[in-house]
Amino acid sequence: MENKVNLDGKDYDLDQMSEEQKYLVSLIQEQQVKITQSKKDIDVATAANKVFIDTLKTSLTEEKQNG
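Structural notes, computed from the coordinates. (Residues numbered from 1 in each chain as written. Predicted model: local features only at pLDDT ≥ 70, side-chain atom pairs only at ≥ 80, totals over all residues. Heavy atoms only, no water.)

This paragraph deals with the pairing of strand β2 (residues 10-13). Both strand β1 (residues 4-7) and β2 contribute to a ladder of four bridges, which runs antiparallel. For Lys 4, the partnering residue across the bridge sits in β2 and is Asp 13. (Pairing = 2+ DSSP bridges. Helix = DSSP H or I, 4+ residues; strand = E, 2+ residues; numbered from the N terminus.)

The following block contains the structure:
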């Protein structure tokens, strides 16, 4: 496995980076994981919200027909 980071199309060797630069790379990687997870959470919440709205619409329609 190569120990490189690609930034703006250029590869940088992690072994040649300062400790601060390595730390920044680790922070960036952590945030990328959080962003990906957040996107998944939004997708799930959006899908669940649609189900709840559809269920409410159905309930209201049935109530109107029975009432």
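So, about the pattern of salt bridges. Using the criterion set out here, one finds two salt bridges in the structure. Its salt-bridge partner being Glu 19, residue Lys 22 comes within 3.7 Å of it at the nearest N-O pair. Linking Lys 22 with Glu 19, this pair stays in helix α1 (residues 19-66), spanning three residues, or about one helical turn. The exposure class of Lys 22 is partly exposed, given its relative accessible area of 29%. Among the residues examined, Glu 19 registers a relative accessible area of 61% and is labelled exposed. Between Lys 50 and Asp 54 there is a salt bridge; the shortest N-O distance is 2.8 Å. Of this pair, Lys 50 and Asp 54 both sit in helix α1, four residues apart, roughly one helical turn. (Salt bridge = Lys/Arg side-chain N within 4 Å of Asp/Glu carboxyl O. Buried < 20%, exposed > 50% of the residue type's maximum accessible area, 1.4 Å probe, protein only.)

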